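# Structural overview for review
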Amino acid sequence: MTPDIYDKVIKYVDILKISIYGITKDVYEKSHRGSLKFEKVYSNILGFLEKTKNLKKKPHTIGLLTVTDINKHEMNDWIKFWKPKLDEVYVWQPHNYGGAKNYRTIDHTKQESCGRPFYGPLYIHIDGLVSMCCFDFNAKLIIGDIKTQTIDEIFHSEAYRKLRKAHKTKNFKDYLCYNCCQTNYDPSVLLYATNKKRKAGRTNANLQDLKPEKEDGNNY
């Protein structure tokens, strides 16, 4: 989110969800790791918000905090800082990331579809492979290839059809969905949300369906 692409983001993006896992340099960089630098990231985000604050047409901005042992002590400060700056913010307990972690308990006797195979969105890996889920970081849930197929072809692919069938029948054993916490409904994992229409287990891809409510005339 560098200043040179602000205009393109404003023109083409409807919903901009930003994962911001810390409010201080030490916590942010420990959480995100890699080459991300706190000062640069915050400068880019705040610069974008400053540029768009008086525009009538602009992306709907969402701030996301996933709470861990590294950042949980900053949760209230994070909410206080980002709540007035973004259209909405919410805070979650950590996911199991498709079974890669064990933050949440999976009860295989009470599994339901997460809804992603029916409502999207698609997740495109850097090499063009298309998955149904952003938790599929190891590309185990591939339903197409954007380099050789159109989006319409991917949505009508055999792999996609089989995945939808698995979710309709709740037979997840052949998929990473079997050990994914998203197939176990637990409302307690949503710790905080300014938009009261945000609910655990509810697909949030449709902005119109989740239009923020008002508080004293302002989005909150």
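Residues numbered from 1 in each chain as written. Predicted model: local features only at pLDDT ≥ 70, side-chain atom pairs only at ≥ 80, totals over all residues. Heavy atoms only, no water.

## So, the overall build of the protein chain
Each helix and strand in the protein chain was counted, giving seven helices and nine strands. A compact globule built from 220 residues would reach a C-alpha radius of gyration of about 17 Å, and the protein chain, at 18 Å, matches this within 12%. With the C-alpha coordinates of the protein chain rotated into their principal frame, the extents come out at 45 × 40 × 40 Å. Relative to all contacts within the protein chain whose residues are 6 or more apart in sequence, the contacts with residues 24 or more apart total 58%. Of the accessible surface of the protein chain, which amounts to about 13300 Å², a share of 51% is contributed by carbon and sulfur atoms. Of the side chains in the protein chain, 37 bear a positive and 26 a negative charge, and the two mean positions are spaced by 2 Å. (Helix = DSSP H or I, 4+ residues; strand = E, 2+ residues; numbered from the N terminus. Rg over C-alpha atoms; globule rule 2.2 N^0.38 Å. Contact = heavy atoms within 4.5 Å. Areas by Shrake-Rupley, 256 points an atom, 1.4 Å probe, with all protein chains shown as cover. Lys, Arg positive; Asp, Glu negative; His and termini not counted. Charge placed at Lys NZ, Arg CZ, Asp CG, Glu CD.)

## A few points about a nonpolar patch on the surface
A cluster of nonpolar side chains, namely Ile-124, Ile-146, Ile-151 and Phe-155, defines an oily patch on the protein surface of about 320 Å² accessible area. Along the chain, the position of Ile-146 falls in the loop between strand E6 (142–145) and helix H6 (151–155). With relative accessibility at 31%, the residue Ile-146 sits in the partly exposed group. (Patch = residues over 30% accessible without salt bridge, like charges linked within 9 Å, V, L, I, M, F, W, Y side chains within 5 Å. Salt bridge = Lys/Arg side-chain N within 4 Å of Asp/Glu carboxyl O. Buried < 20%, exposed > 50% of the residue type's maximum accessible area, 1.4 Å probe, protein only.)

## Examining the sheet that holds strand E7 (residues 190–193)
Reading across from one edge, E1-E2-E3-E7 is the order of the four strands in this open sheet, with mixed pairing throughout. Unpaired on one side and paired on the other, strand E1 (15–19) and E7 mark the two borders of the sheet. Across the sheet, the mean angle separating the axes of adjacent strands is 20° when strand polarity is ignored. Alignment of strand E2 (residues 60–66) against strand E3 (residues 88–92), held across five bridges, turns out to be parallel. Bridged to Gly-63 within E3 is Val-89. Packing of helix H4 (residues 75–82) onto the sheet brings it into contact with E2, E3 and E7, and relative to E3 it is tilted by some 165°. (Pairing = 2+ DSSP bridges. Axes fitted to C-alpha atoms, helices over the stretch in contact; angles between N-to-C directions.)

## Some points on the confidence of the model for the protein chain
In this model, the protein chain carries an average pLDDT of 88, and 91% of its residues clear a pLDDT of 70 or more. Across the protein chain, H4 holds the top mean pLDDT of 98, while strand E9 (residues 218–219) sits lowest at 30. Within the model, pLDDT remains below 50 along residues 212–220, and this stretch shows 19 contacts once partners closer than five positions in the same chain are excluded. (pLDDT = per-residue confidence, 0-100.)

## What to know about the side chain of His-95
Structurally, the position occupied by His-95 is in the loop between E3 and helix H5 (116–119). Here Arg-104 takes part through its side chain, which lies 3.2 Å from a polar atom of the side chain of His-95. A distance of 3.2 Å separates a polar atom in the side chain of His-95 from a polar atom in the side chain of Gln-182. The contact partners of His-95, leaving out residues within four places of it in the chain, are Lys-101, Tyr-103, Arg-104, Phe-135, Cys-181 and Gln-182. (Polar contact = N/O pair within 3.5 Å; in protein donor to acceptor, adjacent residues only side chain to side chain.)

## Examining the packing of aromatic side chains
Counted under the stated rule, the structure contains eleven aromatic pairs. Each ring, one from Tyr-42 and one from Phe-81, has its centre 6.0 Å from the other, and the planes form 45°; the classification is tilted. Highlighted residues: Tyr-42 in helix H3 (residues 38–52) and Phe-81 in helix H4, separated in sequence by 39 residues. When the centroid spacing of 6.5 Å and the interplanar angle of 70° are considered together, the rings of Phe-118 and Tyr-119 count as edge-to-face. Judged by its relative accessible area of 33%, Phe-118 is partly exposed. Joined through ring pairs, the aromatic side chains of Tyr-28, Phe-38, Tyr-42, Phe-81 and Trp-82 make up one cluster. The ring of Phe-81 has Lys-85 lying over it, and the distance from NZ or CZ to the ring centre is 3.9 Å. It is Lys-196 that lies over the ring of Tyr-192; its NZ or CZ is 6.0 Å from the centre. (Phe/Tyr/Trp six-rings, centres within 6.5 Å; stacked < 30°, edge-to-face > 60°. Lys NZ or Arg CZ within 6 Å of the ring centre and 35° of its normal.)

## Observations concerning the pattern of salt bridges
What the rule picks out here adds up to ten salt bridges. Ionic pairing is found between Asp-7 and Lys-51, a salt bridge with its closest N-O pair at 3.4 Å. Taken together, the positions of Asp-7 in helix H1 (residues 6–12) and Lys-51 in helix H3 put the pair 44 residues apart, joining distant regions of the chain. Relative accessible area serves as the criterion here: at 41%, Lys-51 is assigned to the partly exposed category. A salt bridge links Glu-39 to Lys-25, with the shortest nitrogen-to-oxygen separation between them at 3.3 Å. Pair noted here: Glu-39 is in helix H3 and Lys-25 is in helix H2 (residues 25–32), with a separation of 14 residues, a long-range link. Relative accessible area serves as the criterion here: at 35%, Lys-25 is assigned to the partly exposed category. Among the ionic contacts, a cluster of salt bridges with common partners joins Lys-25, Glu-29 and Glu-39.

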